[in-house]
Amino acid sequence: MDSQLIAWVLAAAQALLFVAAAPLLAGWVKCVKCRLQNRAAPSVWQPYRDLAKLLKKRMVLAENASWLFRAVPYIVFGAMLLAAAVVPLIAVRLPTAAIADVIVLVGFFALARFFTALAGMDIGTAFGGMGASREMMVSALAEPALLMAAFTLSMTAATTNLSIATEYVLQAGLVLRPSFLFALLALAMVTVAECSRIPVDNPATHLELTMLHEAMILEYGGRYLALIEWASQIKLMIYAVVIVDFFLPWGIAREFTAAALAVGAVAVTAKLMLLGVLLVAWETVLAKMRLFRVPQFLGFAFLLSVLGMLTHVVLETGG
Amino acid sequence: MSAAGGTPLLLAYAAAACSLLSGAVSLFAVRRHPGFLHFGSFLFLFAAGAASIASGGWALLADLTLTDQFALGPPWLRWYVRLDPLSGFFMLLLGTLVLAISLYGPSYTREFARGEARQPLPPLGVFTALFVLGMQMLLLADDALVFMIFWEMMSLSGYFLVVYQHQHAANRHAAFLYLLLAHVGALVILISFGVLAAFGGGLSFDQMRSASLTPLWATLAFAFAFFGFGVKAGVVPLHVWLPDAHPVAPSHISAMMSGAMIKMGIYGIVRVSYDLIGHVRWEWGVVVLIVGTASALLGVLYAIMQHDLKRLLAYHSIENIGIILMGLGLSMIFLGSGHKVLGTLGLVAALYHTLNHALFKGLLFLGAGAVLYRTHERDLEHMGGLIHRMPVTALMFLVGCVAISALPPFNGFVSEWLTFQTALQAPALKNGVLRAIIPIAAALLALAAALAAACFVKAFGIAFLGKPRTRRVAHAREVPAGMLGGMGLLATLCLLLGVFPTSVIEAMAPITQLLVHEALPSAAVQGWLWLTPISPEVASYSAPFLVIAIVVVFGVGYVFLKRRAAPWRTGDPWDCGFGQLNHRMQYTSTAFSQPIRRVFGAVWKVEEDVETVAGAGPIPRAKSIHYQLHVQDWSWLKCYVPIGHLVLAAARRIGVIQTGNIHTYLKYSFATLLFFLWIVS
């Protein structure tokens, strides 16, 4: 009973840590990006200052805003918080991982996106509708690729539970699986699309014709904007942590001792910093795509994940 | 447990009797006494629904199989009746919908008693009652004769309900197409029963169960049944009647048709293949899986192009039937390959989705009906901003949208999750091709689910959000309490079935015990909080925890953010500095689906036409622009139009023998008589 209690407390602490660390990852990415592009970089703590400022600000709502518009930030943030709670960050075998598996995780993302798109349409401006329409198109194409990649991994590990899959990869050791390589590439491409990064979307722009995600949340301000921004930072971190868990989980704590947890925390920090640098490199060498090139990009991601699955069936099961 | 007679069966008879009474009462609902329809008829329907729920629920939960027989009809053909957990489950589903529409109907049908849409009331009540009666009795049928009689009663009364507002040519056309395909379907079902009866030596289902068919004949019987019931269920490409017929019926009837009637097709497929034939084969499963995947994907792609709200919902029924069939197909593949538990899981996923679809599609049709009732609009392009005018309807409709888009924690998510989990067990199969196509089918299901979410963002966003696009919509009012009650019942059930999946799956154990002699032993191995369909290590999902977490997050958020925050003020939305925005600057339904239309262009026949009239003067500019878009379903053009031409050409050839001369006709009769005498002798 006692160990159960400790596990639950740890799980809650991990979820809170996840949510608290998400802006730091965003800050790190922004900082590295500025350095790489020879610009003066803001501090890595800047996102916290932005959030704090937004949380304090008085809000202006559009006249036509309905109750749905006011509920959406909470729904989006709540969905991301729940999603963060089920992803193993510094330790596996936490009880929260059993609440939701990788399919439910995708369901949380879909829930957040559904309501964000509705909020975009609530005010009745062309921007909101445009953002919603494009975001739903992009996500409709990204979701199959994402699930296909996840299916490849979960068929290998014979589970859809994130924590158990992570442990499976740990136990299997350093085995080179071609299917994992394909899945990793597909997952990386989907991450880029789903987290509104270049080349699919540009998180830094407010140019009218290039916005996707920003167009939907254009009418938000103050604490609602803070919640939504924070939620998208958490989303980026979830994708990054899922990639880390599936493909290089080494270092993650498998027992709840202080030493193991410390190693896990250090390991995951290092890995996320590395991933952040890779993301920045990717964003720096690529330019934003035209909207109707995005289907080809995501089609390629889907193809990669199908190839990964077929490789798994043909090469790795040996039946 | 098996017994003759019994209280649940009596309750089922009572339900049927209430349906009959409901029809009889509506006969008196002439123009001067509309109350007979509004109160009497729906009161009996309420009783019929309640009795159906009671009898079905009893048979299902207590795992009862009750039989009975009547000496009706010819002396050598008795009528066999049987209530078992499977028919009980569908009875429960039917009863729930009947209950919801009996709350909703009294207000909704007021529209037909007066005003623009005035119609004679007795036919509506009578055919609604016969429609319900047909479904109740075909679920109880235990021989092919009774089954076909009530199947036809359901189909025919459905025809009269579709054609109820017969003044519009489109309704008559839709109803004719419905009638035609319903009869083609019924004929093929009859052939399937014929095969089974020939081997079993009689028309009763018991004889068919004991028949031992060769694999070829079993496959034939299955193929005929799948085709015939597939027409009713609306699988691609047999679906063409469905998007025409469902939208034109009165909305509570649309809800019954999409919620219950097409499920009778699913009932038929399950009953014939799992129960009557018995040994399902994995090859059938492959066909069902492929047809299901095609239906799911094409259904949602067609749906997304619609701007008629009810037509959009009708196309989504095709999608959801596809998802149900995917579950069934997976179940057949696993059962046929000897994986009993996995086969059971697929069956549970399919039946769960059947129930879920009945609830949320019923809810959505009732919601569309509520909008129609207040605004007389079915076209999304004319709606907008209804969330301000009809807040409760908007909330109910939103619940339906979230549920059908398979988002947690609502019911649609659970059944799709179970389908995914079944598909992910593909590595258990020996056949490498199957191992590869099943995950691809699952990915296509993910695509369908994502597109469904896009479609319902469009449906809800255009209809309920933004600014009103017409005056009638701008002045809409909330609908009466009865209609809200009907919707509220279904919305609550959507949430409950999403939050307590473990209990629902445990309740469904008698069905799978009956059909495949297996239950899901590990579904509730960790208690009702955790749904673990295969084992806790493979996958788990805890919807109650999710709901608790949502409540806690909301509570904390409220305390920390909302209470201490400064009040907001309202202002103009961002207009780029150009001045007043108006409702015509919003995204329309067509605009919303444009990116998807462009990406999946080959799926439809798209005719796009822009007509520009140039203005006078040296600077080229447009005086007026006229945009036309026509999106059509390929299956109609590629399958049905050629068949139609073929039939007409054949008729012209045969028409040669039609001389119009009475002597010739008498000669024909004489020749036919001689021919038959020769055959008999």
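Residues numbered from 1 in each chain as written. Chains lettered and ligands numbered in written order. Predicted model: local features only at pLDDT ≥ 70, side-chain atom pairs only at ≥ 80, totals over all residues. Heavy atoms only, no water.

Domain parsing of chain B yields domain 1 (323-360 + 373-561) and domain 2 (607-681). The C-alpha centroid of domain 2 of chain B is placed 41 Å from the C-alpha centroid of domain 1 of chain B. (Domains from an automatic or database assignment.)

Take the nonpolar core next. Among the nonpolar cores identified, the biggest contains 349 residues, and A:Phe114, A:Ile238, B:Phe193 and B:Phe460 are the most heavily contacted of them. With 23 residues, helix H18 (residues 432-464) of chain B is the largest single contributor of residues to this core. When neighbours within four sequence positions are excluded, B:Phe193 is seen to be in contact with B:Ala144, B:Phe147, B:Met148, B:Phe205, B:Met208, B:Val272 and B:Leu276. By size, the runner-up hydrophobic cluster in this structure holds 6 residues, among which are A:Ala11, A:Leu94, A:Ala253 and A:Leu261. (Core = buried A, V, L, I, M, F, W, Y, C linked by side-chain atoms within 4.5 Å. Buried < 20%, exposed > 50% of the residue type's maximum accessible area, 1.4 Å probe, protein only. Helix = DSSP H or I, 4+ residues; strand = E, 2+ residues; numbered from the N terminus. Contact = heavy atoms within 4.5 Å.)

Counting residues at the interface gives 76 residues for chain B, matched by 76 residues for chain A. Contact between chain B and chain A buries roughly 6600 Å² in total, counting both sides, with carbon and sulfur atoms accounting for 75%. When residues of chain B are sorted by the area they lose upon contact with chain A, B:Leu424, B:Trp568 and B:Tyr587 head the list and together hold 9% of the total. Our count for the chain B to chain A interface comes out at 0 salt bridges. Across the contact surface, chain B and chain A share 18 residue pairs in polar contact (both at pLDDT 80 or more). (Buried area = accessible area lost by both parts, 1.4 Å probe. Salt bridge = Lys/Arg side-chain N within 4 Å of Asp/Glu carboxyl O. Polar contact = N/O pair within 3.5 Å; in protein donor to acceptor, adjacent residues only side chain to side chain.)

Now for the side chain of A:Thr311. All names here are of chain A. Within the element layout of this structure, Thr311 appears in helix H11 (residues 294-316). Of note is the side chain of Thr311, whose polar atom sits 2.2 Å from the backbone oxygen of Leu307. Contact partners of Thr311, with chain neighbours within four places excluded, come to Pro178, Ser179, Phe182 and Glu316.

Here we come to helix H1 (residues 7-26) of chain B. Residues and elements named next belong to chain B. Along its 20 residues, H1 runs 28 Å from first to last C-alpha, staying within 8% of the 28 Å computed at 1.5 Å per residue. Taken residue by residue, H1 has Pro8, Leu9, Ala12, Tyr13, Ala15, Ala16, Cys18, Ser19, Ser22, Gly23, Val25 and Ser26 as its buried positions. Structurally, H1 contributes buried residues whose contacts are with helix H2 (35-61), strand E2 (65-70), strand E3 (79-83), helix H3 (85-108) and helix H5 (121-140). (Expected span 1.5 Å × (residues − 1).)

Our next topic: the side chain of B:Ser251. All names here are of chain B. Position of Ser251 relative to the elements: it lies in helix H11 (residues 251-277). The class for Ser251 is buried, based on a relative accessible area of 0%. Reaching out from Ser251, the side chain makes a polar contact with the side chain of Tyr108 at a distance of 2.9 Å. Apart from residues no more than four positions distant in its own chain, Ser251 is found in contact with Tyr104, Tyr108, Lys310, Phe365, Leu366, Gly369 and Leu372.

What follows is about the pattern of salt bridges. All names here are of chain B. Tallying each qualifying case throughout the model produces 17 salt bridges over all chains. One salt bridge connects Glu283 with Arg281, and the closest N-O pair in it is separated by 3.7 Å. For Glu283, a relative accessible area of 34% translates into the label partly exposed. Measuring nitrogen to oxygen at the nearest pair gives 3.8 Å for the salt bridge that ties Arg597 to Glu608. Within this pair, whereas Arg597 is found in helix H24 (residues 589-599), its partner Glu608 is found in strand E5 (residues 604-614), the two being separated by 11 residues in sequence. By relative accessible area, Arg597 is classed as buried at 6%.

To continue, consider the packing of aromatic side chains. A full pass over the atoms with the stated rule returns 42 aromatic pairs over all chains. Judged by centre distance (6.4 Å) and plane angle (75°), the rings of A:Phe246 and A:Phe247 are edge-to-face. Summarising the burial analysis for this pair, A:Phe246 and A:Phe247 share the class buried. With centroids separated by 6.2 Å and ring planes inclined at 80°, the aromatic side chains of B:Tyr108 and B:Phe112 adopt a geometry described as edge-to-face. Taken together, the ring pairs in this structure connect B:Tyr104, B:Tyr108, B:Phe112, B:Tyr164 and B:Tyr373 into an aromatic cluster. Over the ring of A:Phe180 we find A:Arg177; its NZ or CZ atom is 5.3 Å from the centre of that ring. We note B:Lys232 situated over the ring of B:Trp241; from NZ or CZ to the ring centre the distance is 6.0 Å. (Phe/Tyr/Trp six-rings, centres within 6.5 Å; stacked < 30°, edge-to-face > 60°. Lys NZ or Arg CZ within 6 Å of the ring centre and 35° of its normal.)

In this structure, the amide linkage connecting A:Ile198 to the following residue, A:Pro199, adopts the cis form with an omega of 10°. Counting through the fold element by element, A:Pro199 comes out in the loop between helix H7 (178-194) and helix H8 (213-216). Along the chain, B:Pro408 connects to B:Pro409 via a cis peptide bond; the corresponding omega equals 0°. Positionally, B:Pro409 belongs in the loop between helix H16 (391-404) and helix H17 (411-423). We note that A:Ser196 has phi near 55°; this positive angle belongs to a residue other than glycine. Looking at the secondary structure, you find A:Ser196 in the loop between H7 and H8.

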